[in-house]
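An overview of the molecular structure
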Amino acid sequence: MFKANSFVDVLKHLAVMAVIIAVLVIGFFYVYLPSTTNHGETISVPRIEGMQLADAEELLEDQNLRYFINDSTYKPDQKPFQILTQDPAPGAKVKENRKIYISVNMKNPPMIKMPNLIDGSVKNAELILKSYDLKRGKITYVPDLQENAVLKQYVGGKEIKPGNLIPKGSVVDLHVGNGLGNTEFEVPEVVGMPVDEASVLLVGQGLQIGNILYVQGSSEPAGTVLKQRPFAEVGAKIRVGEFVDLWVAGEEPIQAID
């Protein structure tokens, strides 16, 4: 009889303990936890992209949200401290005290090394400048035999050597060769010479052969230079790299076809 009563008491104690445990579990998960975590309560993330950092900070604080700057960059077309991106996106549902990750536009541009544009073409310079987030400015053509080649590079009116530090986004002006030399001399006289000898003479003085026009019916031997342009007049000047057109007696030679 004693054993039976003891067994019944054990069952009663176990039942009481089970009820207490159930009450604690239910109270923790359905009363305490929701009250401390705002279970089921969410906030729509406001759009702060494009806002100034100070304004965005005030807005987020009013809505019990926080922010964290995880990136910064420099965009010259945007205002300093303007928010460029945000995560989560506007309209996303989050809980209170959630961090909003943002990227911000820097106030001052970072310094970068000036690339080497010298001796390259203008087209190549434009591609390099774009890859460095630099802008091509004014192109000034100067006398030089390297036609369309970059000779010097300037930022703010000052010549910049490759490797010098400049602000990112700077405007780079270029001095470019016009294909003509800067040295002037008297126009050489080639009228009356065989065209082959005239060509050798002109090229040897740094000039280029322009158009060769053949004239039939001349009394001069075939292949003789009858006229030239520019003319070899007294005081006439020409620069290295310029063209000289020739009029030649006879018929135009037939080019051999391979």
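Residues numbered from 1 in each chain as written. Predicted model: local features only at pLDDT ≥ 70, side-chain atom pairs only at ≥ 80, totals over all residues. Heavy atoms only, no water.

This next bit is on the overall build of the protein. Assigned secondary structure in the protein consists of 4 helices and 16 strands. Here the C-alpha radius of gyration of the protein, 42 Å, is well above what a compact globule of 258 residues would show, namely 18 Å. Oriented by its inertia axes, the alpha-carbon framework of the protein measures out at about 155 × 50 × 30 Å. Expressed as a percentage of the 258 residues in the protein, the buried residues total 26%. In the protein, the share of contacts with a sequence separation of at least 24, taken over all contacts with a separation of at least 6, comes to 72%. (Helix = DSSP H or I, 4+ residues; strand = E, 2+ residues; numbered from the N terminus. Rg over C-alpha atoms; globule rule 2.2 N^0.38 Å. Buried < 20%, exposed > 50% of the residue type's maximum accessible area, 1.4 Å probe, protein only. Contact = heavy atoms within 4.5 Å.)

Together, D55, E57, E58, E61 and D62 make up a region of like negative charge exposed at the surface. With respect to the helices and strands, D62 occurs in helix α2 (residues 53–62). According to the relative accessible area criterion, D62 is exposed, its value standing at 60%. (Patch = residues over 30% accessible without salt bridge, like charges linked within 9 Å, V, L, I, M, F, W, Y side chains within 5 Å. Areas by Shrake-Rupley, 256 points an atom, 1.4 Å probe, with all protein chains shown as cover. Salt bridge = Lys/Arg side-chain N within 4 Å of Asp/Glu carboxyl O. Lys, Arg positive; Asp, Glu negative; His and termini not counted. Charge placed at Lys NZ, Arg CZ, Asp CG, Glu CD.)

This paragraph deals with the sheet that holds strand β16 (residues 243–249). Consider a sheet: its strands pair through backbone hydrogen bonds, and that pairing is either parallel or antiparallel. On the basis of which strands lie adjacent, the open sheet formed by 3 strands has the order β13-β16-β14 and mixed pairing. Only two strands of the sheet have a single neighbouring strand rather than two, namely β13 (208–215) and β14 (225–229). Adjacent strand axes in the sheet meet at a mean angle of 20°, parallel and antiparallel pairs treated alike. (Pairing = 2+ DSSP bridges. Axes fitted to C-alpha atoms, helices over the stretch in contact; angles between N-to-C directions.)

Across all of its chains, the model carries 1 aromatic pair by this definition. An angle of 75° between the planes, with centres 5.8 Å apart, marks the rings of F68 and Y101 as edge-to-face. Here F68 is found in strand β2 (residues 66–73), whereas its partner Y101 is found in strand β5 (residues 99–105), with 33 residues between them in sequence. For F68, a relative accessible area of 40% translates into the label partly exposed. The ring of W247 is capped by K227, whose NZ or CZ atom sits 4.1 Å from the centre of that ring. (Phe/Tyr/Trp six-rings, centres within 6.5 Å; stacked < 30°, edge-to-face > 60°. Lys NZ or Arg CZ within 6 Å of the ring centre and 35° of its normal.)

Attention now moves to a nonpolar patch on the surface. On the surface, a cluster of nonpolar side chains totalling about 540 Å² of accessible area is made up of V10, L11, L14, M17, I21 and V25. For M17, the location among the structural elements is in helix α1 (residues 2–37).

Time to look at the pattern of salt bridges. When the charged atoms of two side chains lie near each other, side chains of opposite charge can form a pair. Counted according to the given criterion, the structure contains 4 salt bridges. The partner of R136 in a salt bridge is E126, with the nearest N and O atoms 2.5 Å apart. Placement of R136 in strand β7 (residues 135–142) and of E126 in helix α3 (residues 122–131) is noted, with a sequence separation of 10 residues between them. What makes E126 partly exposed here is its relative accessible area of 27%. Among the ionic pairs, K161 bridges to E159, the shortest N-O distance being 3.1 Å. A relative accessible area of 29% means that E159 is categorised as partly exposed.

Attention shifts here to the environment of E197. With respect to the helices and strands, the residue E197 is situated in helix α4 (residues 195–204). Overall, the relative accessible area of 48% leaves E197 in the partly exposed class.

Cis geometry marks the peptide bond from D87 to P88; its omega dihedral reads 5°. Within the fold, P88 resides in the loop between β3 (83–87) and β4 (93–94). A cis amide bond, omega 5°, links R229 with the succeeding residue P230. Its place among the elements puts P230 in the loop between β14 and β15 (237–239). Unlike most non-glycine residues, N64 shows phi in positive territory, near 60°.

Remember, this is a structural readout, not a statement about activity or role.
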